[in-house]
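The primary structure of each chain is shown beneath.
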Amino acid sequence: DAGITQSPRHKVTETGTPVTLRCHQTENHRYMYWYRQDPGHGLRLIHYSYGVKDTDKGEVSDGYSVSRSKTEDFLLTLESATSSQTSVYFCAISSLAVEQFFGPGTRLTVL
Amino acid sequence: QQQVKQSPQSLIVQKGGISIINCAYENTAFDYFPWYQQFPGKGPALLIAIRPDVSEKKEGRFTISFNKSAKQFSLHIMDSQPGDSATYFCAASMGNFNKFYFGSGTKLNVKP
């Protein structure tokens, strides 16, 4: 596996609470991505980063924010979690914005 | 609106048979078409990828066929094995940041 870790791996939270998911890489890759995976939808891009402090929205960014203060860390925050955000979240990294390598995922349940 | 449409949703193949998964896209600006394999509880892993300047790419038992005029591409798994049982995703991307658009996935079950 590429050097990508995600934390936590599992989380159960209540509606309305803030949640932060962390993606950490040891590959020094420039590009980082957050996806969510839901049955029947494949993976959908939430946000991505093309450098430290450089981020942009993906196709399903509503309700999510991100931050990247260091090359190795990309944080995804749900400001006020809703049940529709129950999903499996994957982080991916890429060096030349071509091939993407995925992390192990975080399973988030919002009650 | 889904940018990449994938079929079938599920597929059962006998050991030794050929598995075929199809994808179609609309945006002619896409210039990179990867296939990912995902086992339960794991992240997707790149299997094989193709650019639109070639019509076919083969790596071992896995082949991508690409039809630019029809805006379709497919994954063929020859001599399918039980170990190939997984979910397969096609994707398409374009642009400087290589944002991927994924198909909805195909769950393949290879019967021994």
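Reference entry: report on the structure contained in this document. Note that the structure is predicted; figures quoted are calculated from it, not measured.

**Some words on the pairing of strand β10 (residues 99–102) of chain B**
- Taken together, the 4 bridges between strand β9 (residues 86–94) of chain B and β10 of chain B define a ladder with antiparallel strand orientation. The residue of β10 of chain B that forms the bridge with Ala92 of chain B is Tyr101 of chain B.

**Some words on unusual backbone geometry**
- Residue Pro8 of chain A is bonded to the preceding Ser7 of chain A through a cis peptide linkage, with omega at -10°.
- With respect to the element layout, Pro8 of chain A can be found in the loop between β1 (4–7) and β2 (10–13).
- Here the phi dihedral of Asp79 of chain B falls at roughly 45°; this positive angle occurs in a residue that is not glycine.
- Considering the arrangement of structural elements, one finds Asp79 of chain B in the loop between β8 (72–77) and β9.

**Quick notes on the side chain of Thr63 of chain B**
All names here are of chain B.
- Assignment of secondary structure puts Thr63 in strand β7 (residues 62–67).
- Judged by relative accessible area, which is 9%, Thr63 ranks as buried.
- Residue contacts for Thr63: discarding those within four places in its chain leaves Ile48, Glu56, Lys57, Lys58, Ser74, Leu75 and His76.

**Here we look at the sheet that holds strand β3 (residues 19–25) of chain A**
Residue and element names in this part refer to chain A.
- If you walk across this open sheet you meet the 4 strands as β1-β3-β8-β7, and the pairing is antiparallel. At either end of the open sheet lies a strand with only one pairing partner, and these are β1 and β7 (64–70). For this sheet, the mean inter-axis angle between neighbouring strands, taken without regard to orientation, is 20°.
- When β1 meets β3, the two strands line up antiparallel, connected through 4 bridges. Residue pairing in the sheet places Thr5 in a bridge with His24 of β3.

**Section: the packing of aromatic side chains**
Residues and elements named next belong to chain A.
- Tallying each qualifying case throughout the model produces 23 aromatic pairs over all chains.
- Ring centres of Tyr64 and Tyr89 lie 5.9 Å apart, and the angle between their planes is 65°; on these two criteria the pair is classed as edge-to-face. With Tyr64 in strand β7 and Tyr89 in strand β9 (residues 87–94), this pair connects stretches of sequence that are 25 residues apart. Neither Tyr64 nor Tyr89 differs from the other in exposure class; each is buried.

**As for the state of the cysteines**
Residue and element names in this part refer to chain B.
- Taken as a whole, this structure holds 2 disulfides over all chains when the rule is applied.
- A sulfur-sulfur distance of 1.9 Å marks the disulfide that ties Cys23 to Cys90. Disulfide Cys23-Cys90: torsion about the S-S bond near -95°, hence left-handed. Residue Cys23 is located in strand β3 (residues 19–25), and its partner Cys90 is located in strand β9; the two are separated by 67 residues in the primary sequence.

**Points about the interface of chain B and chain A**
- In this assembly, 20 residues from chain B lie in contact with 21 residues from chain A.
- Across the chain B to chain A interface the summed buried area is about 1,700 Å²; carbon plus sulfur atoms make up 58%.
- Counting across the chain B and chain A interface gives 0 salt bridges.
- Run the count over chain B and chain A and you get 2 residue pairs in polar contact (both at pLDDT 80 or more).
- At the level of elements, β4 (33–38) and β10 of chain B are the ones that each hand at least two residues to the side of chain B that touches chain A.
- Sorting elements by how many residues they give to the side of chain B that touches chain A places β10 of chain B first, with 4 residues.
- Across the side of chain B that touches chain A, the residue classes break down as 9 nonpolar, 8 polar and 3 charged.

Conventions and cut-offs
For every chain, the first residue of its written sequence is number 1, and the numbers climb from 1 along that sequence. Chains and ligands are labelled by the order in which they are written, letters from A for the one and numbers from 1 for the other. For a predicted model such as this one, the threshold for reporting local features is a pLDDT of at least 70, and the threshold for listing and counting side-chain atom pairs is 80 or more; totals across whole chains, interfaces and linings nevertheless cover every residue. Hydrogens and water are ignored here; the side-chain numbers use all heavy atoms of the structure. Strands are labelled as partners when DSSP assigns at least two bridges between them. To qualify as a helix, a DSSP run of H or I must reach at least 4 residues; to qualify as a strand, a run of E must reach at least 2; elements of each kind are numbered from the N terminus. Residue burial is assigned from relative accessible area. The probe radius is 1.4 Å, only protein chains are included, and a residue is buried under 20% of its type maximum, exposed over 50%, and partly exposed in between. It only takes one pair of heavy atoms within 4.5 Å for two residues to be counted as in contact. Throughout, an axis means a line fitted to C-alpha atoms (over the contacting stretch in the case of helices), and angles, computed between N-to-C directions, take values from 0 to 180 degrees. Stacked, tilted and edge-to-face are the three classes applied to pairs of Phe, Tyr and Trp rings, where Trp contributes its six-membered ring and a pair requires centres within 6.5 Å; stacked means planes under 30 degrees apart, edge-to-face means over 60, and tilted covers the rest. In this description, a disulfide is simply a cysteine sulfur pair whose atoms lie within 2.5 Å. Throughout, the accessible surface (probe 1.4 Å) given up by two parts as they are put together, summed over both, is called the buried area. We define a salt bridge as a side-chain nitrogen of Lys or Arg found within 4 Å of a carboxyl oxygen belonging to Asp or Glu. Distance and chemistry together define a polar contact, namely a pair of N or O atoms within 3.5 Å, with one atom able to donate a hydrogen and the other to accept it when in protein, and with adjacent residues in sequence counting only for side-chain atoms on both sides. Think of it as three bins: nonpolar holds Ala, Val, Leu, Ile, Met, Phe, Trp, Tyr, Cys and Pro, charged holds Asp, Glu, Lys and Arg, and polar takes everything else, Gly as well.

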